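Below, each chain spelled out in residue letters.
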Amino acid sequence: MAGLNKVSVEDINVKGKKVLVRVDFNVPLKDGVITNDNRIQAALPTIKKLIADGGKVVLCSHLGKPKNGPEDKFSLAPAAARLAELVDTKVVFAKDDTVTGDNAKKAVAEMNEGEIVVLENTRFRGAEETKNGEDFAKELSELVDNEVFVMDAFGSAHRAHASTAGVTKFVKETAVGYLMQKEIQYLGNAVEVPVRPFVAILGGAKVADKLNVISNLLEKCDTLIIGGGMAYTFIKANGGSIGTSLVDDEKLEYCKEMLAKAEKLGKKILLPIDTAVTASFPDPIDAEIDIEIFASNEIPADKMGLDIGPKTQELFADAVKSAKTVVWNGPMGVFENPVLAKGTIAVAKALAETDATTIIGGGDSAAAVMQLGFADKMSHISTGGGASLEYLEGKVLPGVDVIADK
């Protein structure tokens, strides 16, 4: 699935038609104010194309995880207001707790060509959205006269929800947007037809989250770098002493199998050789702490590893230098703490300085790269954490699968 052989917004004629676009406006909010509008910016090329082509553009998205039905703090109103500042056309927010109720119908009925209506948070419909309820999918489709659906929410493409997959059963035409195309082109090419040497870097806390990714990437990459909390289970599987560091004892056998698999395939797995340790996890997370550096397989019994050490930073940076393709998913340590962010900064810096194609799989590594100011030095930063992981696992994403093939 390296290339994306799907109908795209380039292939459809939307003049005078109503177009439902599933975007990913799941932006971080603090006291009702958007703290990072990256996801809205990422949707603009598709939105602007559909407006320019004379479509009546109806946008839908989820935001957060509302557990108790509609709540103001999960409203898409701030996202709609931000979008209005970024486009040269009329944007109407359809405040409607049922998403597709009278208010939404009225807003869509009054649209002119080249205008935008933003619907309320699709998750206000609860399980009807997340369990792919047919009635809700049908209501969304009827809102645009069952005409056109464009999927441009890569961050939600791994979910078969009413607004990402179910709706496609009822519309006449389906297509992917530019963001989906870009995501799959970068991730797909990296995994299926990488320019070698191909180095994959995995971090983050849990081995369990990345089990299938490790196995799949070992078959594709030349070198697999493992940092973050998940490294300690590998180090323990290798016979090392890891003190009170995070470990998943149920996955020790799996880690041994992966180390053996790498050897059999002639691939390199690089694990940390030194570690920044402290007596306990910082509380609060950004508290001032003192660290010591120990060999990764000789961590004292009463200490825990929370970041890669300076020798490891060098080792990992060297592996990146000679690479032609690098995919990175997950931080090297507790990067929210300035003292424990050094490993993640070192890896980000190494990626920023290389000529390789560098792809950051969303989530924490994307946040780290942005916070540390390296975003413009990367070839591609994915907008989807979970979706990019599942894609790297080799899974078919439901939100891509349902779109018509060319």
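Residues numbered from 1 in each chain as written. Predicted model: local features only at pLDDT ≥ 70, side-chain atom pairs only at ≥ 80, totals over all residues. Heavy atoms only, no water.

Student: Any chance you could explain the overall build of the protein here in plain terms?
Tutor: Of regular secondary structure, the protein possesses 14 helices and 19 strands. Compactness check: the protein gives a C-alpha radius of gyration of 23 Å against a globular reference of 22 Å for 406 residues, within 12% of the reference. Here the protein holds 406 residues, and the buried ones make up 57% of them. Look at the contacts in the protein between residues 6 or more apart in sequence, and 76% of them connect residues 24 or more apart. Surface summary for the protein: the accessible area is close to 16,900 Å², and the carbon and sulfur share equals 48%. The distance from the centre of the 46 positive side-chain charges to the centre of the 58 negative ones in the protein is 3 Å. (Helix = DSSP H or I, 4+ residues; strand = E, 2+ residues; numbered from the N terminus. Rg over C-alpha atoms; globule rule 2.2 N^0.38 Å. Buried < 20%, exposed > 50% of the residue type's maximum accessible area, 1.4 Å probe, protein only. Contact = heavy atoms within 4.5 Å. Areas by Shrake-Rupley, 256 points an atom, 1.4 Å probe, with all protein chains shown as cover. Lys, Arg positive; Asp, Glu negative; His and termini not counted. Charge placed at Lys NZ, Arg CZ, Asp CG, Glu CD.)

Student: Looking at this model, I keep getting lost on unusual backbone geometry. Mind explaining?
Tutor: Among all residues save glycine, negative phi is the norm, and among peptide bonds the norm is trans. With an omega of 0°, the peptide bond between Arg 196 and Pro 197 qualifies as cis. The residue Pro 197 is located in the loop between helix H6 (178–192) and strand E9 (198–202) in this model. The omega angle of the peptide bond from Asp 283 to Pro 284 is 0°, so this bond is cis rather than trans. With respect to the element layout, Pro 284 can be found in the loop between strand E13 (274–278) and strand E14 (292–295). Non-glycine residue Asp 145 carries a positive phi angle of around 55°. When you line up the elements, Asp 145 lands in the loop between helix H5 (134–143) and strand E7 (148–151). The phi torsion at Asn 146 lies on the positive side, around 55°, for a residue other than glycine. Inspection of the secondary structure puts Asn 146 in the loop between H5 and E7. Exposure remark for Asn 146: the relative accessible area of 27% places this residue in the partly exposed category.

Student: I keep staring at the pairing of strand E16 (residues 304–308) and nothing clicks. Help me out?
Tutor: Along any regular strand the residues' side chains alternate between the sheet's two faces. When you tally the buried positions in E16, you get 5 out of 5 residues, the bulk of the element. Note that E13 and E16 share 4 bridges and pair antiparallel. Bridge pairing links Thr 278 to Met 304 in E16. (Pairing = 2+ DSSP bridges.)

Student: So what exactly am I meant to see when it comes to the sheet that holds E14 here?
Tutor: Note: strands within a sheet are paired through backbone hydrogen bonds, in either parallel or antiparallel orientation. Strand order in this open sheet of 3 strands is E14-E13-E16, and the pairing throughout is antiparallel. Taken across any chain shown, the strands that pair with only one partner, and hence form the sheet edges, are E14 and E16. Taken over all neighbouring pairs, the strand axes of this sheet differ in orientation by 50° on average, direction set aside. Helix-sheet contacts for helix H10 (residues 310–321) involve E13, E14 and E16, and the interaxial angle to E16 is about 40°. (Axes fitted to C-alpha atoms, helices over the stretch in contact; angles between N-to-C directions.)

Student: Just to check I follow, could you spell out the packing of helix H1 (residues 38–52) against helix H2 (residues 77–86) for this structure?
Tutor: Two packed helices can be described by the angle between their axes and the distance between those axes. One way to put it is that H1 packs onto H2 with a least axis distance of 11 Å and a crossing angle of 60°. The angle between H1 and H2 places the two elements in the oblique class. In the packing of H1 onto H2, the handedness of the crossing is right-handed. Residue-level inspection shows Ile 40, Gln 41, Leu 44, Ile 47 and Lys 48 of H1 in contact with H2, the latter providing Ala 79, Arg 82, Leu 83 and Leu 86. When the residues that make up the contact of H1 with H2 are grouped by side-chain class, the tally is 6 nonpolar, 1 polar and 2 charged. (Parallel < 35°, antiparallel > 145°, perpendicular 65-115°, else oblique. Left-handed = near helix turned anticlockwise from the far one by under 90°. Nonpolar A, V, L, I, M, F, W, Y, C, P; charged D, E, K, R; others polar.)

Student: Could you clarify how one ought to interpret the environment of Asp 152 in this entry?
Tutor: The residue Asp 152 is located in the loop between E7 and strand E8 (173–176) in this model. Under the relative-accessibility criterion, Asp 152 is labelled buried at 1%. With 144 residues separating them in the primary sequence, Asp 152 and Ser 8 have C-alpha atoms 10.0 Å apart. Every residue in contact with Asp 152, bar those within four places of it in the chain, is listed here: Val 21, Arg 22, Ala 43, Thr 46, Gly 177, Tyr 178, Leu 179 and Met 180. Separated by 3.5 Å, the side chain of Asp 152 and the backbone nitrogen of Tyr 178 make a polar contact. In this structure the side chain of Asp 152 is engaged in a polar contact, spanning 3.0 Å, whose partner is the backbone nitrogen of Met 180. (Polar contact = N/O pair within 3.5 Å; in protein donor to acceptor, adjacent residues only side chain to side chain.)

Functional significance is not addressed by these values, which are geometric in nature.
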